[in-house]
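Summary of structural features
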Amino acid sequence: EEGLFIWDPNPFYWKVDLQGNQLPYIEHIRIDYVASIENVTLKIIQSELDYVGPHDVTIARYPLYKENEPGGNFVVGDYLSCMTDRYTLYPQHNLADKVLEELVNHPNFVKALSVAIDREEINQSLFFGLARMGQLGPMPMSKYYKEDYGTAWAQYDPELANQLLDEMGLEQRDAEGFRLRPDGERLMFQIEHAGARVGASAQEFAEMVVTFWREVGIEAGTKEIQESL
């Protein structure tokens, strides 16, 4: 989906600032809505944009931004942020598949999925080692921050992941090495995401996580869902 939105101020808008100037100050806003993150990146480096959505920039494109910074109308800076490349996976706990629902709700399951992920490999592969990897939790500058929130079950330990899954009764595997559920079906698990809507590197991130989960015997997959859905 691509589109163009043009916003002009209402000349009869009644609010004014303390000096008597009518609001809003901005006379004209043009928003280009594009479906491809590559198109957004091209517009950024060609200095066609005055502002860009927080999900449309990523540290994964850092060299490209820096390369085009000297001749552009933008400055590349490193900011602490809770937007952009802050990816979080939320397992669905209420499923139509009741066998899978019971497995997902077992406390071992999400712990196993978590320690099966090599966060540092993701960091080096996608974010040049610049990301602060860990669990979802308050930012370090928050009064609610605790180091334990960020490190709990965030270590890379596929051996522990396999142990946790075995303890759930998922030790049986088929000929291809994938785990079997209690009903004899292959254990399959899918990451669904909205692509660039949740971050420019969402697809690459999801594909790497899927690889780690397959290594501990889960037939994982990933699927991008159209934002309109």
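Below, the structure is looked at part by part.

Criteria and cut-off values
Residues numbered from 1 in each chain as written. Predicted model: local features only at pLDDT ≥ 70, side-chain atom pairs only at ≥ 80, totals over all residues. Heavy atoms only, no water. Phe/Tyr/Trp six-rings, centres within 6.5 Å; stacked < 30°, edge-to-face > 60°. Helix = DSSP H or I, 4+ residues; strand = E, 2+ residues; numbered from the N terminus. Buried < 20%, exposed > 50% of the residue type's maximum accessible area, 1.4 Å probe, protein only. Contact = heavy atoms within 4.5 Å. 1 Å grid on protein atoms, 1.4 Å probe; cavity = no way out; pocket = protein on both sides within 12 Å on 5 of 7 lines; lining within 4 Å. Points joined across faces, edges and corners; volume = space filled by probe spheres on them. Core = buried A, V, L, I, M, F, W, Y, C linked by side-chain atoms within 4.5 Å. Expected span 1.5 Å × (residues − 1). Pairing = 2+ DSSP bridges. Right-handed = clockwise from strand over helix to strand, strands pointing away. Polar contact = N/O pair within 3.5 Å; in protein donor to acceptor, adjacent residues only side chain to side chain.

In the structure shown here, the tally under the stated rule is six aromatic pairs. Each ring, one from Tyr87 and one from Phe205, has its centre 5.0 Å from the other, and the planes form 20°; the classification is stacked. In this pair, Tyr87 sits in the loop between α2 (62-68) and α3 (98-104) while Phe205 sits in helix α8 (residues 202-215), placing the two residues 118 residues apart along the sequence. Neither residue differs from the other here; Tyr87 and Phe205 are each classed as buried. Through successive ring pairs, a cluster of aromatic residues spans Phe109, Phe189 and Trp213.

This next bit is on the environment of Arg179. Relative to the elements of secondary structure, Arg179 occurs in the loop between α7 (158-167) and β3 (188-193). If we skip the residues at most four places from it in the chain, Arg179 touches Asn162, Leu165, Asp166, Leu170, Glu171, Gln172, Arg173, Glu185, Arg186, Leu187, Val216 and Gly217.

This part is about the layout of surface pockets. Taken as a whole, the second largest pocket encloses approximately 1,000 Å³ of empty space. Around the second largest pocket, the lining comprises 37 residues; the ones closest to its centre are Tyr33, Val34, Ala35, Val40 and Asp56. Looking at the lining of the second largest pocket, the elements with two or more residues in it are β2 (29-33), α1 (37-45) and α8. A per-element tally of the lining of the second largest pocket places β2 first, with five residues.

To continue, consider the nonpolar core. The nonpolar side chains of a soluble globular protein tend to be buried with one another. Core analysis: the biggest nonpolar cluster contains 35 residues, and Phe109, Ile122, Leu165, Phe189, Trp213 and Ile218 have the highest contact counts within it. At the level of secondary structure, the elements contributing two or more residues to this core comprise α3, α4 (107-115), α5 (119-127), α7, β3 and α8. The leading source of residues in this core is α8, at eight residues. Once you skip the residues sitting within four places of it in the chain, Phe109 turns out to touch Leu103, Val104, Leu165, Met168, Leu187 and Phe189. Counting eight residues, the second largest nonpolar core, distinct from the first, contains Val34, Ile37, Tyr65 and Ala200.

Quick look at α8 now. Here α8 contains 14 residues, and its C-alpha end-to-end distance of 20 Å stays within 8% of the 20 Å for a straight helix at 1.5 Å per residue. When we look at burial in α8, the residues that qualify are Ala202, Phe205, Ala206, Met208, Val209, Val210, Phe212 and Trp213. Gly217 occupies a position one or two residues after α8 and carries a positive phi of about 95°.

Direction of pairing for β3 relative to strand β4 (residues 219-224): parallel, over a ladder of six bridges. The partner of His193 across the bridge, within β4, is Glu224. In terms of handedness, the path from β3 via α8 over to β4 forms a crossover that is right-handed.

On to the side chain of Arg181, then. On the secondary structure map, Arg181 appears in the loop between α7 and β3. A polar contact is formed between the side chain of Arg181 and the side chain of Asp183, at a distance of 2.7 Å. Contact partners of Arg181, with chain neighbours within four places excluded, come to Asp97, Val99, Leu100, Leu103, Leu170, Arg186 and Leu187.

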